[in-house]
Amino acid sequence: MSDLLELAVAVAREAGDMLLAERPARPAAVATKSSATDVVTELDRASEELIRARILGARPGDAFLGEEGGSTAGGRVRWIVDPIDGTVNFMYGLPDWAVSIAVEVDGALVAGAVNVAPRGELFAAARGRGAELLRDGRPAERLSCNTGVPLPAALIATGFGYLPERRAVQAEVLARVLPRVRDIRRGGSCAVDLCSVAAGRVDGYYERGPQEWDFAAGGLVAAEAGARLGGLRGRPSGPALTLCAAPGLFEELHDLLVPLDPERDA
Ligand code: IPD
Ligand code: CA
Ligand code: CA
Ligand code: CA
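Residues numbered from 1 in each chain as written. Chains lettered and ligands numbered in written order. Predicted model: local features only at pLDDT ≥ 70, side-chain atom pairs only at ≥ 80, totals over all residues.

### What to know about the packing of helix α1 (residues 3-22) against helix α2 (residues 42-58)
Argument step 1. Across the interface, α1 lies against α2 with an axial gap of 10 Å and an inter-helix angle of 150°. Classed by the angle they form, the pair α1 and α2 counts as roughly antiparallel. Considering the relative orientation of α1 and α2, their crossing is right-handed. From α1, Leu7, Val11, Glu14, Ala15, Met18, Leu19 and Glu22 reach across to α2, where they touch Leu43, Ser47, Leu50, Ile51, Arg54, Ile55 and Ala58. (Axes fitted to C-alpha atoms, helices over the stretch in contact; angles between N-to-C directions. Helix = DSSP H or I, 4+ residues; strand = E, 2+ residues; numbered from the N terminus. Parallel < 35°, antiparallel > 145°, perpendicular 65-115°, else oblique. Left-handed = near helix turned anticlockwise from the far one by under 90°. Contact = placed C-beta atoms within 7 Å.)

This is the structure we're talking about:
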């Protein structure tokens, strides 16, 4: 493992352990952000503080972007962190939430770790070196996404943003996608959804609205497991649209989504 991946994995593990130990029976929302449904708990903030302290403690000159704390400028290495991806699942005691840590050098992602702590699963990837699943800290599986799945047989994960007007468009798009695929899953964590593509637990994923901290680490895990990651019309993945599936299904899903124009509220 490279030094950067090793640090990402170690810190994602420490933050996940802290969250499992400190999580009260019913974590409360302490604030709302973009809308009434966009919540943050004390532990989202504590997790980000821990991650920031560990990473910048080890590498004081690096840049850092976290969902809850914003960005700190730095050198060629930048860390992209979601301290809890899936806060609503975390609040309700559902097991799909994760600590997501990605790291880029000169603007290119080189490593990512997604610690799905309640499941004891940690997904890790380094650019050009593949992706793996560690279970309870031990390497358990090299990851490869499902291939050769046609759209009507595809299980597709998606997610919804927090803005009511965006959700109205997402519901319309979903109504058109659902009859064309095997089924839809809304797991509640973008990072976990992308790792699920990598592990072949779903065939593809699309969402309008995810931010860099949501998809950076999971996107690298999926790409290193053989999936294609991108947006519509040749754009990179981003808040406008993040789409991920094996080549072939990616294009089918893309062509289904383009005329529905999920970006029209951009
Ligand atoms: C959210 C989750 C969710 C996705 C939202 C994200 P958060 O992140 O990834 O699955 O649908 O777009 O904002 O707020 O739980 O970190
Ligand atoms: Ca959030
Ligand atoms: Ca998130
Ligand atoms: Ca978050």
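Structure shown, so let's carry the discussion forward.
### Side note on the site of ligand 1
Argument step 1. Near ligand 1 lie 15 residues; those nearest to it are Asp85, Thr87, Gly159, Cys190 and Asp214.
Argument step 2. Per-domain counts for the shell around ligand 1 show at least three residues from each of domain 1 (3-142) and domain 2 (151-260). (Near = placed C-beta within 6 Å. Domains from an automatic or database assignment.)

### A look at the sheet that holds strand β11 (residues 155-158)
Argument step 1. In space, the five strands of this open sheet follow the order β12-β11-β13-β15-β14, with mixed pairing throughout. Among the strands making up the open sheet, the edge pair consists of β12 (183-185) and β14 (228-230). Each strand of the sheet is rotated relative to its neighbour by a mean of 20°, with strand direction disregarded.
Argument step 2. Pairing between β11 and strand β13 (residues 204-207): three bridges, direction parallel. Within the sheet, the bridge partner assigned to Ile156 lies in β13 and is Gly204.
Argument step 3. Sheet contacts for helix α5 (residues 190-198): β11, β13 and β15 (242-245); angle to β13, the most-contacted strand, approximately 150°.
Argument step 4. With respect to the sheet, helix α7 (residues 249-260) is in contact with β13, β14 and β15, its orientation differing from that of β15 by roughly 145°. (Pairing = 2+ DSSP bridges.)

### Focus on the environment of Ile101
Argument step 1. Mapped onto the fold, Ile101 is located in strand β6 (residues 98-105).
Argument step 2. When the C-alpha atoms of Ile101 and Val9 are compared, they prove to be 8.0 Å apart, with 92 residues separating the residues in sequence.
Argument step 3. Ile101 has contacts with Ala8, Val11, Ala12, Ile51, Trp79, Val81, Ala113 and Ala217, leaving out every residue within four places of it along the chain.

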